[in-house]
Each structure stands twice: as C-alpha cells, then as structure tokens.
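Examination of the molecular architecture
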There are 2 protein chains.
Amino acid sequence: MSIEDKQKLQRNDRVTIRTVATHAGVSVAAVSKVMRNAYGVSEGLRAKVTDAIEALGYRPSRAARGLRGRSFTIGVLLIDIRNPFLPEVIAGVNAVLAPSHYQAMIGVSDARVQLETSLIESMIDYKMDGLILVAPRLPSEIIAKFAVQIPIVAVGYHDAAATAFDTVNADDQRGAEIAVEALLTQGYRDIEMLSLGEREGHAVSVVRQREIGFRRAMQRGGLGSSAPIGKIPIASPKREEAMRKFLSRKDRPRAVFCWSDLDAITLLSLAMEMGVRVPDDLAVIGYDNSSTAALGLVNLASIDQSGRELGQVATRTLISRIEGRAGAEHIFQIPSLVSRNSLSRSAGASGA
Amino acid sequence: MSIEDKQKLQRNDRVTIRTVATHAGVSVAAVSKVMRNAYGVSEGLRAKVTDAIEALGYRPSRAARGLRGRSFTIGVLLIDIRNPFLPEVIAGVNAVLAPSHYQAMIGVSDARVQLETSLIESMIDYKMDGLILVAPRLPSEIIAKFAVQIPIVAVGYHDAAATAFDTVNADDQRGAEIAVEALLTQGYRDIEMLSLGEREGHAVSVVRQREIGFRRAMQRGGLGSSAPIGKIPIASPKREEAMRKFLSRKDRPRAVFCWSDLDAITLLSLAMEMGVRVPDDLAVIGYDNSSTAALGLVNLASIDQSGRELGQVATRTLISRIEGRAGAEHIFQIPSLVSRNSLSRSAGASGA
DNA sequence: CGACAAATGTAGAACGTTCTCCATATAACG
DNA sequence: CGTTATATGGAGAACGTTCTACATTTGTCG
C-alpha cells in the first residue's frame, strides 16, 4: 500500500473494500472472495476478513457491485398500488427474500405503458439481478426482449407460450368457473359478468382469462347462448354511473360475477343505496378475497387466489432462474371459493 | 479509437457513453456534458450528441452513474404496504417525479426496524440522491446519522426539532382536535379514543400526536378529567377480540375516535354484527378518509389528511434539498373533517 | 498586432466492486 | 529429491459513468 493510499484513507471516511483489506492485512481480492464466498478461501483468511468487516461496519456499495457483477437486488414492478391485492404479492416476495441476501425494490407504473417501460429499463440499468412484473401491460414480445437482458418472471400475465421468461399465475379461467358453478349450485340461472372496460385488450390479462372461464362455465351449465358480459370503466365518475345503470336495469340479472372485489364492493354499496337487496334481489361474487370483502359489513363472497403465495412462488422461480435454470416455467395455482352472505344467507363466513 | 476498441464494440452489444461518443465523433466527456447539460456545450455539439443518442437508443447506466455522481433516483421507504393511506403518498411522489428525470424506487420495511435500517443502507449504497421515509420507526438520532450521508425527508414523523433532515406532516394534533370538536358539536360528552397498542412508543409517531390532540381538545371541552384512551393491538386475532370487548362493555362511551380508518372500519363492522347501532348507540370518527370509508355501505366520518398532497410536498422538499438547500424545513398541513353517517344521520356525504 | 479573457472541447483519473489470470506454498507421489 | 497436482492468496484489468484540469480556439480591446 502506497503512502498516497494511506492519506486518502484518512480524509475519505467511507469504508470500502480497500479499508477492510488494509485492516485485515490482506488483499482486496481476498476480501471480495470472502464476500462472495468464492472458491479458494482458508478458514484463517475468512476469519480475519469477517472480523474486519464486523469491526469497521463495512457495507459493499451496491452501485459498484452493479457495475461489475450482481447487485443482489430484485426489482418488482407493480401496475397499480391501490388495488389491495397487489400489496399481498409484495408481502409474499418480501417473505421469501427476507432470509436471503437479496432485497426487493419496487416501482409503480400506474398502468402507464411508457412509465412501465422506463422503469424496467431503469432496473436493468441498475444491474438488478432479476425482475418480477406484476400484471404488466406490455405485449409479450417486448417483455421477451427485456428478458434477454435480465431474468424476468411475470405474475398475473397469461402467456404459457413464452419461452424467454417465466410466468406465475392463479388459474383465472378456473377461478371464474368456480364462481359460476357456485352460482349455479345456488340455483341461479340468470347470471351476468361485470368485467373491466376500456383498454386492457390482450388475452394475457387476468381479466380476459376470467371472461373466458365465465363463458365456458356458462356453456357447460347450458347457458351458453346468453352469457352476457358488461364492462365497467375504471375512471371514477363513469364507473359509479355504469354500476347504477346496471342496478336499475329492469332486465337486471339475478346474480353477478365481478372481475374484482374492487368493483364488487362498490356495487354492493350502490345496491344498498338503491334499495337492491343482496343476495335476495341480486347475488354477488367478487374476485381476490380482499380484506374488505371479509368485513361483516360487506360480507362479499369472493374467489381467493392468495396473492401472498403468488408472490412467494414468483420469487422462488426468479431466484432459480437467476441461479442458472434455462427453459421457461409456467406455474399455475388453483383458486378457491370463499362463500359469504352476498352469495347466500346460509353461507355465513365459512370457507369453501 | 484503437483497433481493440473497435473489436470490443463488435462483440459487446451494450451501448455505452463510448459508443455514443464514437458515433457522434466527439469525446466521451462531451457526451457526458450534454447528458448533464453542463456548462460549455455549443449548439452544434449538443445536436450531434443528441442525434447519436437518439439513433443508438442510448441509456446511461444507473449503476455506473451512482458510482461516480448522482443516480437520479430517490428512494421511498414505506413502513407497511397494506395501510391504504400509504399508496396515496406514493401516488403524490410519482406525480411530482413523473415530469422530471428522477424516478422513485420503493422499499417496504413491514414495520421491522432492522429491515428498515438495512433498506436505508441499501438505498445509500445505491447512491440514491435522496430518501423519503414514510412513518419510519427509527429514532431521530439514527435518522439524523443517515441524513449526513443522504438528503432525507420524513413524512408522518413529528420531530420539528430535527436539524439534519426535513419533515412533512399533517398536523395530527389538530386533526384529532377537529374530530373531538365535531363530536362535541353533535352534543356528545362521553367520548373515548381507540388508539394503537403495543410498541409505537415515540412521541414522533402520528398516533401519539393524535392522542395528544385528543387530550387537549377534551380538556378544552371541559372533559379533561376523563379522556380515556383504549389501545387496540395490531395483530389480527387479538385485534377483533379487543374491539368486541370494547363494544360489549356496559360503560361503553357514546362516541369514539379511532386513530385510523383501518380500525374504525373493523369496529363499524363488528358493531353491526353485535347489534350496536351507529351512530345511534355509538358515533364513530376515523382518520385518513380512505376510499373504503367513503363507501355507502361503510359511511364512516373521517379526518382527511390527503396523503397524495403529503407525498407531493415531501418530494418537492426533498428535491430542493438535493439541489442545495441547507437548513431543515418542517412543513405542516391542516387536515379537515369529512362528515358522514357514522357521526350523524343528517351529515350525509357532504364535506366539511 | 499583441495580450488577455471567454468559450468550447478533451484526456484521464477517479468511483468501489468483481473476476480472470498468475504466483506461491503445500501436499502427494514415485 | 524431483515432479506434479492442489490449495491459497494477490495483481490488476475491467465495468460505465462523472468531473477536474488542461488545451485549444475564438473573441475583445487597447
């Protein structure tokens, strides 16, 4: 070590890998080896280095790491932070990551394709080790293009044909079927689905999948000819308006399946205001089994897809890919019905 | 440009600042100058460089940037992603950041001090340009220590004496006062607060502040001697249990102020189950004015503190500090009452 | 025309890691 | 003892930026 180096050490207070090396009386390369527990490190060396790290409170710079090797960070991209289902996914991700040396950084795209793209690029530019995209809006080819640069797992994105990236999904078709079957079992025949309007065209989207499942189950139940699907806009003023219109239709169905609890709960609320009794006049099933649905005040039957578990599985899948797995995996989880009063008075709060 | 450089360009496909420089026929330093729009760049040079960037689709590596200078990223630390108030703050942050060249990366600490610390350290190690901590659990001295290394703005953290970092808060004391005043105006005298139990001791926490405001307003109303504050645990089984116990007490108060909508809504729900009529038997005011509170089904009066605005203000404050402001700022916002049926039948859904 | 100032562009040293060789020490074997 | 394998540690070149110091050109003024 030269004299200039020593001087530098004095005035600059940041503890770097070099400080550790000096303190432990070993080379920089040795410290790096210990950090990454690479091959060729003796017990003695390891001990010396670990002690020095401890004593100095050394933390490797992620920026510098990213420049050369891995950054031990995985990026999570959320389409929207307001949908209460998504925080569940995050919780699952964090649960798996907590004991590891990885950390999650989250970006929120607010459903804007451009922001989504630029966030993904940023995460790549940070040299993150992998990405979990939750319900991305981007077309499959684009995601595949990014997947060349960084391991990617998409959650809530139905594209079992993708070869460049993995997908982890609840079986949304099956979920919708389960909802319809439950309504059929209760004796309902006059069933409609309320889906998400506007944009959101791709078949990859969970919403489309639920529509497909809805149609199939209706068909099986002998109601194929009339399986109407209404569209509810996302934006707030129009949204309530569309629901009010639905509720006041005189050919209003006897039962409705909503693509998300978000809509189902608002629908329940408006129904109460307008004097439509649930489930007597109208049975309602939602999707996601959000915590609000479980409230006694709301008591909404819903399809449970455990976002938490989805997050956990996605994280494990991503890590396995980071650590070398080739070949895409496409994982499905089977959702289940949580029966509550909005489906049938007798149902109570018992699970399915 | 040497021959080796040319060869490297061929096999390595990453577009770096060097690629751009070669393509534009200028130096690397020149490109960097244009990127940072630094002093000493002619129109001609700027044009050449911008064209090259455009043509090559160049994106600067954040990792490399972080190593030397700024990374144009700001970190946001959330204590919890499930409280629906927090996404609002994020929305505010993103709104301010969107038109700028900054981006937000979010970390979730799940209220665990250790995870919180390590996330802050990570963000520093990433050379992020600044941090927004939302309702951090860390003591002020620790935050101050971090603030030496990176500009910090704390949101929902009451420490107007802090000199090392800025704070942005809703005036939680005032919010609680407003709630009590509203109850007093409705003629209630028998008022209790339901606060957050367990941990969360510091006076910096919003919860403590609301307790202080509650006590003061009760005192002013001549009810100083009896301003009882109950504690509700966070964890789920005990939480409902405590609320049930509260609701079935025979000396149950006529009105209650809950520290958060989260609790108020569950309370409303249990009240319905147990046959306690709201507001006739029990008036309820919550805090945060979450979207669930606004549902007709719930109809919970609440104190609105606009998380969105808090996020916007915090972001602007942080940026001004990043760009050189010294001296701490401590900003307050005044919350307002949103009156709804849980306070008084006549209230309807009209604002305050 | 000479002297000085201002404007513009460049070279090259950081920044803090990782990781590929390479050097040395030790062990194993005939 | 010489040879070869193996285990251990180190030197030093990347990685892609930023930014200071300097060189060059152009402009201005007496």
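Because the structure is predicted, anything quoted here is derived from the model rather than measured.

**Examining the interface of chain A and chain B**
In this assembly, 48 residues from chain A lie in contact with 48 residues from chain B. In total, about 4,200 Å² of surface goes out of reach between chain A and chain B, with carbon and sulfur atoms giving 59% of it. At the junction of chain A with chain B, the criterion picks out 8 salt bridges. With a shortest N-O distance of 3.2 Å, Glu-88 of chain A and Arg-82 of chain B are connected by a salt bridge. One can count 23 residue pairs in polar contact (both at pLDDT 80 or more) joining chain A with chain B. Those elements giving two or more residues to the side of chain A that touches chain B turn out to be helix 5 (62–68), helix 6 (85–97), strand 2 (103–108), helix 7 (113–125) and helix 12 (261–273) of chain A.

**Side note on the protein's contact with DNA strand D**
Lining the immediate surroundings of DNA strand D are 29 residues, of which Tyr-39 and Ser-42 of chain A together with Ile-17, Ser-32 and Arg-68 of chain B lie closest. A share of 61% is what sugar and phosphate atoms reach among the atoms of DNA strand D within 4 Å of the protein. Within the backbone of Ile-17 of chain B, one N or O atom sits 2.6 Å away from a phosphate oxygen of DNA strand D. Within the side chain of Arg-68 of chain B, a nitrogen or oxygen atom sits 2.4 Å from a base oxygen of DNA strand D. Put simply, the parts of the chain that give the surface near DNA strand D at least two residues each are helix 3 (28–35) and helix 5 of chain A together with helix 2 (17–24), helix 3 (28–35) and helix 5 (62–68) of chain B. With 4 residues, the top contributor of residues to the surface near DNA strand D is helix 5 of chain B. In terms of residue class, the surface near DNA strand D is built from 14 nonpolar, 7 polar and 8 charged.

**Considerations on the relation of the copies chain A and chain B**
Expressed as a screw transformation, the operator carrying chain A onto chain B has a rotation angle of 180° and an axial translation of 0.0 Å, and the superposed copies differ by an RMSD of 0.0 Å. The transformation relating the two chain copies, once decomposed into turn and shift, fits a two-fold axis. A shared binding surface is used by both copies, with 100% of the interface residues of chain A retained as interface residues in chain B.

**Structural notes on the domain arrangement of chain A**
Accessible area lost during the coming together of the parts is what is often quoted as the interface size. Residues and elements named next belong to chain A. Parsing chain A into structural domains produces domain 1 (3–60), domain 2 (70–171 + 307–334) and domain 3 (172–305 + 337–347). Here domain 2 and domain 3 have C-alpha centroids that lie 28 Å from each other. Contact with domain 2, which involves 14 residues of that partner, is made by 17 residues of domain 3. A buried area of about 1,400 Å², summed over both sides, lies between domain 2 and domain 3, and 52% of it is on carbon and sulfur atoms. It is Arg-137, His-158 and Asp-171 in domain 2 that bury the most area against domain 3; as a group they hold 43% of the surface buried on that side. Between domain 2 and domain 3 we count 0 salt bridges in total. One can count 6 residue pairs in polar contact (both at pLDDT 80 or more) joining domain 2 with domain 3.

**Brief notes about the side chain of Ser-342 of chain A**
Residues and elements named next belong to chain A. Mapped onto the fold, Ser-342 is located in the segment after strand 12 (336–338). Among the polar contacts listed, one links the side chain of Ser-342 to the backbone nitrogen of Ala-301, at a separation of 2.8 Å. In contact with Ser-342, other than residues within four places in its own chain, are Val-278, Pro-279, Leu-282, Ala-283, Val-284, Asn-299, Leu-300 and Ala-301.

**Details of the nonpolar core**
Counting residues in hydrophobic clusters, the biggest one holds 58 residues, and the most contacted among them are Val-76 and Ile-132 of chain A together with Val-76 and Ile-132 of chain B. If we skip the residues at most four places from it in the chain, Val-76 of chain A touches Ile-90, Val-93, Ala-104, Met-105, Ile-106, Gly-107, Met-123, Ile-132 and Val-134 of chain A. Judged by nonpolar contacts, the second largest core, of 43 residues, contains Leu-115, Ile-150 and Phe-165 of chain A together with Ala-154 of chain B.

**Observations concerning the environment of Val-313 of chain B**
All names here are of chain B. Its location among the elements puts Val-313 in helix 14 (residues 307–322). Accessibility expressed as a relative area gives 17% for Val-313, which makes it buried. The residues contacting Val-313, other than those within four sequence positions of it, are Val-168, Ile-331 and Gln-333.

**Section: the protein's contact with DNA strand C**
Surveying the vicinity of DNA strand C reveals 30 residues, the closest of which are Ile-17, Ser-32 and Arg-68 of chain A together with Tyr-39 and Ser-42 of chain B. Of all DNA strand C atoms lying within 4 Å of any protein atom, the proportion belonging to sugar or phosphate reaches 63%. Note that a phosphate oxygen of DNA strand C is positioned 2.6 Å from one of the backbone N or O atoms of Ile-17 of chain A. Here Tyr-39 of chain B contributes a side-chain N or O atom positioned 2.9 Å from a phosphate oxygen of DNA strand C. For the surface near DNA strand C, the elements supplying multiple residues, two or more each, are helix 2 (17–24), helix 3 and helix 5 of chain A together with helix 3 and helix 5 of chain B. Partitioned by chemical class, the residues of the surface near DNA strand C number 14 nonpolar, 7 polar and 9 charged.

**Details of unusual backbone geometry**
Residues and elements named next belong to chain A. Following Val-278, the chain continues to Pro-279 via a peptide bond in cis, the omega torsion being 5°. With respect to the helices, strands and loops of the structure, Pro-279 is situated in the loop between helix 12 and strand 9 (283–287). In this structure, Ser-306 takes a positive phi of about 40° despite not being glycine. One can find Ser-306 in the loop between strand 10 (301–304) and helix 14 (307–322). When its relative accessible area of 26% is taken as the criterion, Ser-306 is described as partly exposed.

**Some remarks on the side chain of Asn-299 of chain A**
Within the element layout of this structure, Asn-299 of chain A appears in the loop between helix 13 (291–294) and strand 10. Of note is the side chain of Asn-299 of chain A, whose polar atom sits 3.2 Å from the backbone nitrogen of Asn-341 of chain A.

**Quick word on the UniProt feature "domain: HTH lacI-type" (unreviewed entry) in chain A**
When the UniProt feature table is mapped onto this chain numbering, "domain: HTH lacI-type" (unreviewed entry) sits at residues 15–69 of chain A. Helix makes up 67% of residues 15–69 of chain A and strand 0%, with an end-to-end C-alpha separation of 20 Å.

**Some words on the environment of Gln-173 of chain B**
All names here are of chain B. For Gln-173, the position within the fold is in helix 9 (residues 172–185). Counting along the chain gives 143 residues from Gln-173 to Arg-316, while the straight-line C-alpha distance between them is 24 Å. When near neighbours in sequence (up to four residues on either side) are disregarded, Gln-173 contacts Gln-209, Ile-212, Gly-213 and Arg-216. At a separation of 2.5 Å, a polar atom in the side chain of Gln-173 contacts the side chain of Arg-216.

**A word on the sheet that holds strand 6 (residues 191–196) of chain A**
Residues and elements named next belong to chain A. The sheet built from 6 strands is open, its strands ordered 7-6-8-9-10-12 with mixed pairing. The outermost strands of the open sheet, each flanked by one partner alone, are strand 7 (229–232) and strand 12. Neighbour-to-neighbour, the strand axes of the sheet open up by a mean angle of 25°, direction not taken into account. By the bridge criterion, 4 bridges tie strand 6 to strand 8 (residues 255–258) in an arrangement that is parallel. Pairing of Ile-191 across the sheet is with Ala-255, part of strand 8. Lying over the sheet, helix 10 (residues 206–220) contacts strand 6, strand 7, strand 8 and strand 9, oriented at roughly 170° with respect to strand 6. Sitting on the sheet, helix 12 is in contact with strand 6, strand 7, strand 8, strand 9 and strand 10, with an inclination near 150° to strand 9.

Each value, and the rule that gives it
Residues numbered from 1 in each chain as written. Chains lettered and ligands numbered in written order. Predicted model: local features only at pLDDT ≥ 70, side-chain atom pairs only at ≥ 80, totals over all residues. Heavy atoms only, no water. Contact = heavy atoms within 4.5 Å. Buried area = accessible area lost by both parts, 1.4 Å probe. Salt bridge = Lys/Arg side-chain N within 4 Å of Asp/Glu carboxyl O. Polar contact = N/O pair within 3.5 Å; in protein donor to acceptor, adjacent residues only side chain to side chain. Helix = DSSP H or I, 4+ residues; strand = E, 2+ residues; numbered from the N terminus. Near = heavy atom within 4 Å. Nonpolar A, V, L, I, M, F, W, Y, C, P; charged D, E, K, R; others polar. Least-squares fit on C-alpha atoms with pLDDT ≥ 70 in both. Domains from an automatic or database assignment. Core = buried A, V, L, I, M, F, W, Y, C linked by side-chain atoms within 4.5 Å. Buried < 20%, exposed > 50% of the residue type's maximum accessible area, 1.4 Å probe, protein only. UniProt positions renumbered as here; feature names shortened; annotations may be inferred. Pairing = 2+ DSSP bridges. Axes fitted to C-alpha atoms, helices over the stretch in contact; angles between N-to-C directions.

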